[in-house]
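Reading the structure
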Amino acid sequence: MATEQSEAGDTMITEEKKCDETLGEMSMLEEKIATQIEYYFGDINLSRDRFLQEQLKLDDGWVPLEVMIKFNRLKVLSEDFKIIASALKKSKNLLIEVSADGLKIRRSSAKPLPENTQERREDMKSRSVYAKGFPLDATLDEIKAYLSTYGPVEMVQMRRSISEGEKNFKGSIFALFGKKEDTQKFLDSTEPYKGQELLRLLKEAYFKSKEVTRKDRKADGGKKKSEETKEDHTNNITDDDIKEKMERGMILHLNGFAADATRESIKEVFDQYGTVAWIDFVKGDSEAWVRLTGEASAQTVLDKALEAAQGKLLVNDAEIKGNVLEGDDEVAHWKKLLQVQAEVRERKKQGRGDRE
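Because the structure is a prediction, the values reported are computed rather than measured. (Residues numbered from 1 in each chain as written. Predicted model: local features only at pLDDT ≥ 70, side-chain atom pairs only at ≥ 80, totals over all residues. Heavy atoms only, no water.)

Things to note about the overall build of the protein chain
Counting secondary structure elements, the protein chain contains 15 helices and 13 strands. The proportion of buried residues among the 356 residues of the protein chain is 43%. Considering only residue pairs separated by 6 or more positions, the protein chain has 68% of its internal contacts joining residues 24 or more positions apart. (Helix = DSSP H or I, 4+ residues; strand = E, 2+ residues; numbered from the N terminus. Buried < 20%, exposed > 50% of the residue type's maximum accessible area, 1.4 Å probe, protein only. Contact = heavy atoms within 4.5 Å.)

What follows is the structure in structure tokens.
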């Protein structure tokens, strides 16, 4: 069975190593399964995962395991419903409920998703840290285990550079501790990680320092940026940029357009079922990408459009086929989008510079 890096851990274990449900303790596989699913339904991911939010609305918060095993990182761990249900029942976090038939799961009603209030945002800021100096071959499990010595950790994000399709760990991370006192304990520590000293900052302080650095560079000659610098800037969109700005499940990929199709004719089909933010389309091409925003996911908009068209979607009398971008295809499209936005910003800066 193939292996894959995930939020839940480093290398996955094959399903053949199944758990003994008569034991109270969780096996390594069960721990990885529970951790992965609790990440999906956790405060951070669930608040921004539009696809999962849409699923929660369908059946009083319940999501079929048949749907969950389509999530790549869980699928690699196990597709066996009994193993997944057993892992969640044994978890001490009590975040996930399992249905009586063991076929559906949902976030516990006793632990509702916190409201996105100013107080909540300030609390998370006070518990979010940045750390730099980890070996480039460090794994998520290793880093999480190290951070956990200071206290419970809700989230660890390994920062990566994406260049020419390769994702390379930068040696730095963002993490969210469960308690403020544990956050401060980590920030005050000088304990090395495997002999290497770490730079430790609150995440907010890190971004403020980056802003100061950018302003200093601009003051020292930002108007003299070369085309080479510009290209380097736009081609080095990081995992952090994408994860922070992308809205999952909001991109439609469509193909089959006739030569006379326009952005306006495409928008007319979908705008009545959701909010179209942007259409990536060149007249004469046979395919397009439609980015949606707002409450309705791309899948919901596509389903409604197909239902209204009785299963045959037409744009300028040409039948269109479509699907929602997922996984690497979705990330790649968002990277392209962010690159375009960076280039536009760069051109605007240069324009202002010419007038000054």
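Some thoughts on the nonpolar core
By size, the foremost hydrophobic cluster in this structure holds 26 residues, and its most contacted members are Ile33, Ile37, Phe41, Met68 and Ile105. Of all the secondary structure elements, the ones that give two or more residues to this core are α1 (28-40), α4 (65-68), α5 (72-77), α6 (81-90) and β2 (96-98). Of all the elements, α1 adds the most residues to this core, at 6 residues. In contact with Ile105, not counting residues within four places along its chain, are Ile37, Phe41, Gly61, Trp62, Val63, Leu65, Met68, Leu88, Ile96, Glu97 and Val98. Residues Val269, Ile279, Ala288 and Leu302 belong to the second largest nonpolar core, which totals 23 residues. (Core = buried A, V, L, I, M, F, W, Y, C linked by side-chain atoms within 4.5 Å.)

Describing the confidence of the model for the protein chain
Model confidence for the protein chain is summarised by a mean pLDDT of 82, while 82% of its residues fall at 70 or above. Confidence drops under pLDDT 50 across residues 1-23; counting only partners more than four residues distant or on other chains, this segment forms 63 contacts. This stretch, residues 226-234, has a pLDDT under 50; its non-local contacts, to residues over four places away or in other chains, come to 8 contacts. (pLDDT = per-residue confidence, 0-100.)

Observations concerning the sheet that holds strand β1 (residues 63-64)
Read from one edge of the open sheet, 3 strands run β1-β3-β2, paired in antiparallel fashion. The open sheet has two free edges, formed respectively by β1 and β2, since each of these has just one partner strand. By the bridge criterion, 2 bridges tie β1 to strand β3 (residues 104-107) in an arrangement that is antiparallel. Within β3, the position partnered with Pro64 by the bridge is Lys104. (Pairing = 2+ DSSP bridges.)

What to know about the sheet that holds strand β10 (residues 287-293)
Across a sheet, strands are paired by hydrogen bonds formed along the backbone, either parallel or antiparallel in direction. Across the sheet, 4 strands lie side by side as β9-β10-β8-β13; this open sheet has antiparallel pairing. Single-partner strands in this sheet number two, and they are β9 (275-280) and β13 (321-324). Direction aside, the axes of adjacent strands within the sheet are offset by 25 degrees on average. By the bridge criterion, 5 bridges tie β9 to β10 in an arrangement that is antiparallel. From the neighbouring strand, Val276 faces β10, where its bridge partner is Leu292. Together, β8 (251-255), β9 and β10 form the strand contacts of helix α13 (residues 263-270), whose direction differs from that of β9 by roughly 150 degrees. Seen against the sheet, helix α14 (residues 298-308) touches β8, β10 and β13 and runs at an angle of roughly 155 degrees to β13. (Axes fitted to C-alpha atoms, helices over the stretch in contact; angles between N-to-C directions.)

A short note on the pairing of β8
The side chains of a regular strand alternate, residue by residue, between the two faces of the sheet. In terms of residue burial, β8 counts as a mostly covered element, since 4 of its 5 residues are buried. In this sheet, β10 lies alongside β8 in antiparallel orientation, the contact comprising 5 bridges. If you follow Ile251 over to β10, its bridge partner there is Arg291. Taken together, the 4 bridges between β8 and β13 define a ladder with antiparallel strand orientation. When the bridges of β13 are listed, His253 appears paired with Asn323.

Notes on helix α8 (residues 140-147)
Of the residues making up α8, those classed as buried are Leu140, Ile143, Tyr146 and Leu147. Burial along α8 is one-sided: seen end-on, the buried residues are contained in an arc of 135 degrees. (Arc of directions from axis to C-beta.)

Remarks on α1
Taking 1.5 Å per residue as the helical rise, α1 with its 13 residues ought to reach 18 Å, and the 19 Å between its terminal C-alpha atoms agrees with that figure. Here α1 lies mainly inside the structure; 10 of its 13 residues are buried. Within the span of α1, buried status applies to Leu29, Glu30, Lys32, Ile33, Ala34, Gln36, Ile37, Glu38, Tyr39 and Tyr40. (Expected span 1.5 Å × (residues − 1).)

Quick look at the packing of aromatic side chains
Scanning the entire structure with this criterion turns up 15 aromatic pairs. Arranged with centres 5.3 Å apart and planes meeting at 85 degrees, the rings of Tyr150 and Phe186 form a pair that is edge-to-face. With a gap of 36 residues between them, Tyr150 in the loop between α8 and β5 (153-163) and Phe186 in helix α9 (residues 180-188) connect regions that are remote in the sequence. Directly above the aromatic system of Phe174 lies the positively charged group of Lys203, at a separation of 4.6 Å from the ring centroid. In this structure, Lys336 is placed above the aromatic ring of Trp289, and the distance from its NZ or CZ to the ring centre is 5.5 Å. (Phe/Tyr/Trp six-rings, centres within 6.5 Å; stacked < 30°, edge-to-face > 60°. Lys NZ or Arg CZ within 6 Å of the ring centre and 35° of its normal.)

Examining a positive patch on the surface
Together, Lys132, Lys170, Lys210 and Arg217 make up a positively charged patch on the protein surface. Mapped onto the fold, Lys210 is located in helix α10 (residues 203-219). (Patch = residues over 30% accessible without salt bridge, like charges linked within 9 Å, V, L, I, M, F, W, Y side chains within 5 Å. Areas by Shrake-Rupley, 256 points an atom, 1.4 Å probe, with all protein chains shown as cover. Salt bridge = Lys/Arg side-chain N within 4 Å of Asp/Glu carboxyl O. Lys, Arg positive; Asp, Glu negative; His and termini not counted. Charge placed at Lys NZ, Arg CZ, Asp CG, Glu CD.)

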